[in-house]
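One letter stands for each residue in the lines below.
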2 protein chains.
Amino acid sequence: MAKKEKMDFNLIQPFINATLTVLKTMAFTEAHSKPPYLKDQNTANGDVSGVIGLTGDSSGSLSVSFPEKTILVIVSNMFGERMSQVDDEIKDAVGEITNMISGQARQELEGMGMSLESAIPTVISGKDHTIKHITTYPILAITFSLDEGEFLSGQGEEFTIEVCIEEE
Amino acid sequence: MAKKEKMDFNLIQPFINATLTVLKTMAFTEAHSKPPYLKDQNTANGDVSGVIGLTGDSSGSLSVSFPEKTILVIVSNMFGERMSQVDDEIKDAVGEITNMISGQARQELEGMGMSLESAIPTVISGKDHTIKHITTYPILAITFSLDEGEFLSGQGEEFTIEVCIEEE
């Protein structure tokens, strides 16, 4: 099948906003986003990822992939306690972060006239796994870089979110 | 949050039926299912997994996790050609298998009065990753064991599906 050429970049902004807000309010961590790019390979990888499916006016999926070091910094800030390994608490936190990013982005999309529902999030854990969204539509990826953390600084550590919305 | 005690086992049968049918019709591979069990740890792991979110009358998620050896046998039968490594073709096949299991199961559930929609499937690849469904509801797991394959026999090789439906 031919790839659809474009995805409306306006649909991405709510996910960027939501990610920055959730990091700040839940994990007391500032971050900034780099420019979105079209993902033409399934190169996004991480050590812990949250994935959530979207349905409604369009089908979609959102993934949030963290290297181990980045998520340990974020969850340490969230809990105000130094976390040193990816355990069940970290996985639950990734699920919650994914859920909240999806929820806030959907709220902003609703205001733009697109109504979406979320499925149950899943969290994948495993050194250097890759995630591939099964779609013929474009997938947009955004890398975030951490700034200050209230408890622990992870300045420069990065993570990536990927969004696909099969917009008709 | 307290776990809900029960999940209706009747909701699982359509996923078992769909898995057996999809394997047989798409991959010319017979399999049989072992008894479903409640998953109380996130122990299900695999080397390649398909994950799909469900929404509608209930929220849910379905994952299908294959060890490398099992998926190589299945896709070899599907293509009639010996596959020797997990590449992009294998990942796409896992996406398609996941999508079709979800589609057939949803069709049977529809007949039982439960209407669900599917989100975009994602495929995770990475040696021995684990999958955790973020829910307070029970998660049911079913292990399947391969019997005959038309092209390649993988008798005894196993894989596992997990289903969660947040039934009110």
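Residues numbered from 1 in each chain as written. Chains lettered and ligands numbered in written order. Predicted model: local features only at pLDDT ≥ 70, side-chain atom pairs only at ≥ 80, totals over all residues. Heavy atoms only, no water.

It is worth spelling out the overall build of chain A at this point. Of regular secondary structure, chain A possesses 3 helices and 8 strands. Across chain A, helices and strands are ordered from the amino to the carboxyl terminus as α-β-β-β-β-α-α-β-β-β-β. In summary, chain A has a C-alpha radius of gyration of 15 Å against a globular reference of 15 Å for 168 residues, a match within 12%. Counting only C-alpha atoms, chain A reaches 45 × 30 × 30 Å along its principal axes. Buried positions account for 57% of the 168 residues belonging to chain A. Once local pairs closer than 6 in sequence are excluded, the contacts in chain A between residues at least 24 apart make up 74%. As displayed, chain A has an accessible area near 7000 Å², and 47% of this comes from carbon and sulfur atoms. Charge-centre separation for chain A: the mean point of 12 positive side chains lies 6 Å from the mean point of 26 negative side chains. (Helix = DSSP H or I, 4+ residues; strand = E, 2+ residues; numbered from the N terminus. Rg over C-alpha atoms; globule rule 2.2 N^0.38 Å. Buried < 20%, exposed > 50% of the residue type's maximum accessible area, 1.4 Å probe, protein only. Contact = heavy atoms within 4.5 Å. Areas by Shrake-Rupley, 256 points an atom, 1.4 Å probe, with all protein chains shown as cover. Lys, Arg positive; Asp, Glu negative; His and termini not counted. Charge placed at Lys NZ, Arg CZ, Asp CG, Glu CD.)

This part is about the pattern of salt bridges. For the structure shown, the criterion picks out 16 salt bridges over all chains. For Glu30 of chain B, the salt bridge is made with Lys24 of chain B, and the minimal N-O distance between the two is 3.6 Å. Between Lys127 of chain B and Asp47 of chain B there is a salt bridge, with the nearest N and O atoms lying 3.3 Å from each other. Remark: Asp47 of chain B occurs in strand S3 (residues 45-56) and Lys127 of chain B occurs in strand S6 (residues 122-133); sequence separation between them is 80 residues. Linked by salt bridges that have partners in common, Asp47, Glu68 and Lys127 of chain A make up one network. (Salt bridge = Lys/Arg side-chain N within 4 Å of Asp/Glu carboxyl O.)

Between the two copies of the chain lies a relationship made up of a rotation around an axis and a movement along it. Of the transformation placing chain B onto chain A, the axial shift is 0.0 Å and the rotation is 180 degrees, giving an RMSD of 0.0 Å. On this basis, the relationship between the two copies can be described by a two-fold rotation axis. No C-alpha of chain B approaches the rotation axis more nearly than that of Gly53 of chain B, which lies at 2.4 Å. An overlap of 100% is found between the interface residues of chain B and their copies at the interface of chain A, pointing to a shared contact surface. (Least-squares fit on C-alpha atoms with pLDDT ≥ 70 in both.)

Turning our attention to the interface of chain B and chain A. Between chain B and chain A, the residue contacts involve 32 residues of the former and 32 residues of the latter. Across the chain B/chain A interface, buried area totals approximately 2500 Å², and carbon plus sulfur atoms make up 56% of it. On the chain B side of the contact with chain A, Ile120, Lys132 and Ile134 of chain B bury the most area, a combined 29% of that side's loss. Counting every contact that joins chain B to chain A gives 4 salt bridges. Between Lys132 of chain A and Asp92 of chain B there is a salt bridge; the shortest N-O distance is 2.9 Å. (Buried area = accessible area lost by both parts, 1.4 Å probe.)

Aromatic ring pairs are defined here through the distance separating the ring centres and the angle between the ring planes. Residue and element names in this part refer to chain A. Counted according to the given criterion, the structure contains 4 aromatic pairs over all chains. Both rings, one in Phe144 and one in Phe159, keep their centres 5.1 Å apart while their planes meet at 10 degrees; by these two values the pair is stacked. Note that Phe144 is positioned in strand S7 (residues 140-149) and Phe159 in strand S8 (residues 158-165), a separation of 15 residues in sequence. Note on Phe144: relative accessible area 0%, which makes it buried. Taken together, Phe66, Phe144 and Phe159 form an aromatic cluster joined through their ring pairs. (Phe/Tyr/Trp six-rings, centres within 6.5 Å; stacked < 30°, edge-to-face > 60°.)

On to unusual backbone geometry. The residue Phe28 of chain A is not glycine, and still its phi comes out positive at about 50 degrees. Topologically, Phe28 of chain A is positioned in the loop between helix H1 (13-27) and strand S1 (29-33). Relative accessible area serves as the criterion here: at 37%, Phe28 of chain A is assigned to the partly exposed category. One non-glycine residue, Asp128 of chain B, lies in the positive phi region at around 55 degrees. Along the chain, Asp128 of chain B falls in strand S6.

Once that is clear, we can look at helix H3 (residues 88-111) of chain A. Residue and element names in this part refer to chain A. Relative to the 34 Å expected for 24 residues at 1.5 Å per residue, H3 spans 35 Å between its end C-alpha atoms, a close match to the ideal helical length. Three or more residues of H3 are buried, namely Ile90, Lys91, Ala93, Val94, Gly95, Ile97, Thr98, Ile101, Ser102, Ala105 and Leu109. Measuring from the backbone nitrogen of Glu89 back to the side-chain oxygen at the start of H3 gives 3.2 Å, which picks out Asp87 as the cap. One or two steps after H3, the chain reaches Gly113, where phi turns positive at roughly 95 degrees. (Expected span 1.5 Å × (residues − 1). Polar contact = N/O pair within 3.5 Å; in protein donor to acceptor, adjacent residues only side chain to side chain.)

Summarising the model, chain A shows a mean pLDDT of 92, and 93% of its residues fall at 70 or more. The complex model carries a pTM of 0.93, and its ipTM stands at 0.91. (pLDDT = per-residue confidence, 0-100.)

A separate point is the environment of Ile161 of chain B. Residues and elements named next belong to chain B. Here Ile161 lies in strand S8 (residues 158-165). Classification of Ile161 as buried rests on a relative accessible area of 0%. Distance in space between the C-alpha atoms of Ile161 and Ser61 is 11 Å, their sequence separation being 100 residues. Setting aside anything within four residues of it in sequence, one finds Ile161 in contact with Phe15, Thr19, Leu62, Ser63, Val64, Leu140, Ala141, Ile142 and Phe144.

This part takes up the environment of Lys127 of chain A. Residues and elements named next belong to chain A. Judged by its relative accessible area of 59%, Lys127 falls in the exposed class. In this view, Lys127 contacts Gly46, Asp47 and Glu68; residues no more than four positions away in its chain are not counted. At a separation of 3.2 Å, a polar atom in the side chain of Lys127 contacts the side chain of Asp47.

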